[in-house]
Amino acid sequence: MFEIEDIREWRGRTVIDESGSKIGELEAVYVDTLTDQPAFATIKTGMPMRQRLVFAPLDGATVGPEHLRVAHPKKQIKGAPAIDTDGELPAGDESAVFAHYDLAYEAAPDERRLARR
């Protein structure tokens, strides 16, 4: 896994799926509040006037020349929970992001599991 300091430098770069298909641009990184390790990326997708940010896990992601490759197919990522480009993920919606990728989600009722960095 790469360090959070490294991945910040890739904001605005192209994000591709496991097969090399372009998904969109890296917008932000969300860390797991339990480990302080990068957990999800938000990827800017859509047409210029109708853009949104979709969530993709960073587990298994790799950095290549001028891109970030995530370990999930484009179709799955495009169908992931999304927020507006100026929005924030509500704490109550975090579990849906994890569930979309069949990942375990554990958090106390009033605690966040993801924090934007």
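Worth saying up front: this structure is predicted, and the values here are computed from it rather than measured. (Residues numbered from 1 in each chain as written. Predicted model: local features only at pLDDT ≥ 70, side-chain atom pairs only at ≥ 80, totals over all residues. Heavy atoms only, no water.)

1. So, unusual backbone geometry
Phase 1 of the analysis: Of note in this structure, D36 is not a glycine but carries a positive phi near 60°.
Phase 2 of the analysis: Assignment of secondary structure puts D36 in the loop between β2 (22-32) and β3 (37-45).
Phase 3 of the analysis: The class for D36 is partly exposed, based on a relative accessible area of 40%.
Phase 4 of the analysis: The phi dihedral of D102 falls on the positive side, at around 55°, and the residue is not glycine. (Helix = DSSP H or I, 4+ residues; strand = E, 2+ residues; numbered from the N terminus. Buried < 20%, exposed > 50% of the residue type's maximum accessible area, 1.4 Å probe, protein only.)

2. Side note on the pairing of β2
Phase 1 of the analysis: The buried fraction of β2 amounts to 9 of the 11 residues, a majority that puts the element mostly inside the structure.
Phase 2 of the analysis: Pairing analysis gives 3 bridges linking strand β1 (residues 14-16) to β2, with the strands arranged antiparallel. Its bridge partner being in β2, T14 is matched across the sheet by E25.
Phase 3 of the analysis: The sheet contact formed by β2 and β3 spans 7 bridges and is antiparallel. Counterpart to D32 in the pairing with β3 is Q37.
Phase 4 of the analysis: Joining the antiparallel neighbours β2 and β3 is a turn of 4 residues, in which D36 adopts a positive phi near 60°.
Phase 5 of the analysis: Inspection of the sheet shows β2 paired to strand β8 (residues 114-116) by 3 bridges, in the antiparallel sense. Residue V31 lies in a different strand from β8, and its bridge partner there is A115. (Pairing = 2+ DSSP bridges.)

3. So, the pairing of strand β4 (residues 52-57)
Phase 1 of the analysis: Burial within β4 is extensive, with 5 of its 6 residues counted as buried.
Phase 2 of the analysis: For β3 and β4, the ladder comprises 6 bridges, and the chain directions are antiparallel. Its bridge partner being in β4, F40 is matched across the sheet by P57.
Phase 3 of the analysis: Joining the antiparallel neighbours β3 and β4 is a turn of 6 residues, in which G46 adopts a positive phi near 100°.
Phase 4 of the analysis: The pairing of β4 with strand β7 (residues 82-84) spans 3 bridges and is antiparallel. Opposite V54, over in β7, you have A82 as the bridge partner.

4. What to know about the confidence of the model for the chain
Phase 1 of the analysis: This prediction gives the chain a mean pLDDT of 89; 93% of its residues lie at or above 70.
Phase 2 of the analysis: Per-element mean pLDDT across the chain ranges from 62 in helix α1 (residues 4-8) up to 97 in helix α2 (residues 74-78). (pLDDT = per-residue confidence, 0-100.)

5. Focus: the pattern of salt bridges
Phase 1 of the analysis: Counting across every chain of the model gives 6 salt bridges.
Phase 2 of the analysis: Residues E27 and R116 are paired through a salt bridge, measuring 2.6 Å at the closest nitrogen-oxygen approach. With E27 in strand β2 and R116 in strand β8, this pair connects stretches of sequence that are 89 residues apart.
Phase 3 of the analysis: Accessibility expressed as a relative area gives 8% for E27, which makes it buried.
Phase 4 of the analysis: For R116, a relative accessible area of 39% translates into the label partly exposed.
Phase 5 of the analysis: The network of salt bridges with common partners includes R11, E27 and R116. (Salt bridge = Lys/Arg side-chain N within 4 Å of Asp/Glu carboxyl O.)

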